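# Residue-level structure breakdown
One letter stands for each residue in the lines below.
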Amino acid sequence: SAASTSNRNNAVQLNMGEKWEFEIGMPPSNSGLQALVRMESILDGPSEMIEVRYKLPFGLDVQPQKGLAVCTKDGTGGEKVGDVLRFSSQWTMGLPRGDGLISTAASFSGGIGWQCSLFDVMKAKNWDMVVEALTSNVPARTDEVLLIFER
């Protein structure tokens, strides 16, 4: 599977409790949509944020360890053993985003459809929620999955 990786913070490292804020392109690859991501470092010592994108279908080796989603095998997208999965693209049914008449009109005309958002893995109540978010990235909805790791 084709994959790409990038270090979102250009080697700026943060210590536990410090915060990142950045914009990131949302799936599918041609959507043109940007999301503002705010995240706080949860790892001891300096860490960095790693963006990984996989074309579908994709494979990922992460397992729950001490309340974190930890990478257990180096991946072709650039994730490494020990990286912590912080966010995943997620597809859910919902109304079109936006404000004003267009989104209101769409909701009246039955314009409910699949919407992509970022799933915050740290807020998952259980591991099934993480798996559900990851597996919602299917070819019928998107051509890529977006994963954000902390290393």
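Just above sits the structure.
Throughout what follows, the structure given in this document is the object of discussion. Note that this is a predicted model, so its numbers are computed, not measured.

At the junction of Pro-27 and Pro-28, the peptide bond is cis and its omega measures out at -5° in the coordinates. Within the fold, Pro-28 resides in the loop between β2 (19-25) and β3 (34-40). Positive phi, close to 55°, is recorded for Lys-66, a residue that is not glycine. You can see Lys-66 is positioned in the loop between β5 (62-65) and β6 (68-71). Overall, the relative accessible area of 87% leaves Lys-66 in the exposed class.

Below, the discussion takes up the environment of Leu-33. Along the chain, the position of Leu-33 falls in the loop between β2 and β3. The exposure class of Leu-33 is partly exposed, given its relative accessible area of 48%. A sequence separation of 10 residues divides Leu-33 from Glu-23, and the C-alpha atoms of the two residues are 9.9 Å apart. Excluding residues that lie within four positions of it along the chain, Leu-33 makes contacts with Ile-24, Gly-25 and Met-26.

Attention now moves to a nonpolar patch on the surface. A surface patch of nonpolar side chains, amounting to about 330 Å² of accessible area, comprises Met-93, Ile-112 and Trp-114. As for its placement among the helices and strands, Ile-112 is situated in the loop between α1 (101-108) and β8 (113-120).

About the cut-offs
- Residues numbered from 1 in each chain as written.
- Predicted model: local features only at pLDDT ≥ 70, side-chain atom pairs only at ≥ 80, totals over all residues.
- Heavy atoms only, no water.
- Helix = DSSP H or I, 4+ residues; strand = E, 2+ residues; numbered from the N terminus.
- Buried < 20%, exposed > 50% of the residue type's maximum accessible area, 1.4 Å probe, protein only.
- Contact = heavy atoms within 4.5 Å.
- Patch = residues over 30% accessible without salt bridge, like charges linked within 9 Å, V, L, I, M, F, W, Y side chains within 5 Å.
- Areas by Shrake-Rupley, 256 points an atom, 1.4 Å probe, with all protein chains shown as cover.
- Salt bridge = Lys/Arg side-chain N within 4 Å of Asp/Glu carboxyl O.

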